[in-house]
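Structural features, examined
One letter stands for each residue in the lines below.
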Amino acid sequence: MVELSGVLGVAMVALGMVLTPGPNMIYLVSRSITQGRRAGVVSLGGVAVGFLVYLLATNLGLSVVFLAVPELYVAVKLAGAGYLAYLAWNALRPGGLSVFAPEDLPHDSTRRLFTMGLMTNLLNPKIAIMYLSLIPQFISLEAGNVLLQGFVLGSVQIAVALTVNLGIVLAAGAIAVFLARRPSWLRAQRYLMGTALGLLAVSVAADTSAPVRA
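Please read these numbers as outputs of a predicted model, since none were measured by experiment.

Attention now moves to the overall build of the protein. Tallying secondary structure elements over the protein gives eight helices and zero strands in all. Listing every helix and strand of the protein by position from the N terminus yields α-α-α-α-α-α-α-α. The buried share among the 214 residues of the protein stands at 44%. Long-range pairs, those at least 24 residues apart, make up 86% of the contacts in the protein with a sequence separation of at least 6. Total accessible area on the protein is roughly 10,600 Å²; 71% of this is exposed by carbon and sulfur atoms.

Structure follows, in structure tokens:
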């Protein structure tokens with residue numbers, strides 16, 4: 001039996017993570033604006049499969065690998081922090097673009113949209129950290145089957161993330177039009193997103209915690 005406090009804790013963590021601008025949000029918004037809502041939903045399908053890969057890998061022993069080779073865990077974290085810093089610079093640099101600013105991107109096939117959504121999520125450092133370090137904190141040894149708890153709590157995270165991301169996909173076009181008519185708001189959104197990404201990059205790089213056995 002999974003404790004209610006664990007479910008609520010994971011739900012709050014998942015909500016905070018998904019509302020923080022990151023690779024998934026940037027990709028889903030860009031695709032929804034440039035290629036339409038259907039493309040955004042297809043891309044979200046790839047993101048969903050990425051969540052399932054992390055859920056299965058973590059509960060079936062990926063955390064054990066990182067515990068055995070902590071240098072690999074550090075390398076993954078630093079690579080993720082570097083990627084977040086790169087995204088932050090792209091948003092904050094002179095002439096940078098907002099996530100809601102339409103770009104002239106090629107229209108990709110359904111298969112490519114799905115694959116890119118999958119790869120964007122698999123390479124997302126926020127998701128790796130969540131599954132390897134945060135969700136295991138809400139597992140209670142006294143509550144019974146640890147593996148089952150891991151799958152249930154991971155499913156809660158996936159449900160929250162997909163619900164919020166679907167809302168973002170469906171609203172992206174309207175938000176883009178709204179901001180395009182208000183250049184100062186668009187610049188403010190870009191600076192806020194860049195700052196949030198930069199702070200997250202620093203937080204990831206400075207985190208000294210080790211992965212937790214799920």
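Right, picking up where we left off after that structure.
A separate point is the nonpolar core. Membership of the largest hydrophobic core comes to 27 residues, with the highest contact counts inside it found for V29, F51, Y131, I135 and L153. Ranked by residues supplied to this core, first place goes to helix α7 (residues 146-180) with eight residues. Among residues more than four places away in sequence, those in contact with L153 are V2, G6, V7, V10, I135, F138 and I139.

Quick look at the environment of L55 now. Inspection of the secondary structure puts L55 in helix α3 (residues 37-68). In this structure the C-alpha to C-alpha distance between L55 and L153, which are 98 residues apart in sequence, comes to 9.4 Å. Dropping the residues within four chain positions of it, L55 is found in contact with Y131, G150, F151, G154, S155 and I158.

One can find T120 in helix α5 (residues 110-122). Sequence-distant contacts of T120, that is, excluding residues within four places in its chain, are made with P23, N24 and Y27.

Reading the values: rules and limits
- Residues numbered from 1 in each chain as written.
- Predicted model: local features only at pLDDT ≥ 70, side-chain atom pairs only at ≥ 80, totals over all residues.
- Heavy atoms only, no water.
- Helix = DSSP H or I, 4+ residues; strand = E, 2+ residues; numbered from the N terminus.
- Buried < 20%, exposed > 50% of the residue type's maximum accessible area, 1.4 Å probe, protein only.
- Contact = heavy atoms within 4.5 Å.
- Areas by Shrake-Rupley, 256 points an atom, 1.4 Å probe, with all protein chains shown as cover.
- Core = buried A, V, L, I, M, F, W, Y, C linked by side-chain atoms within 4.5 Å.

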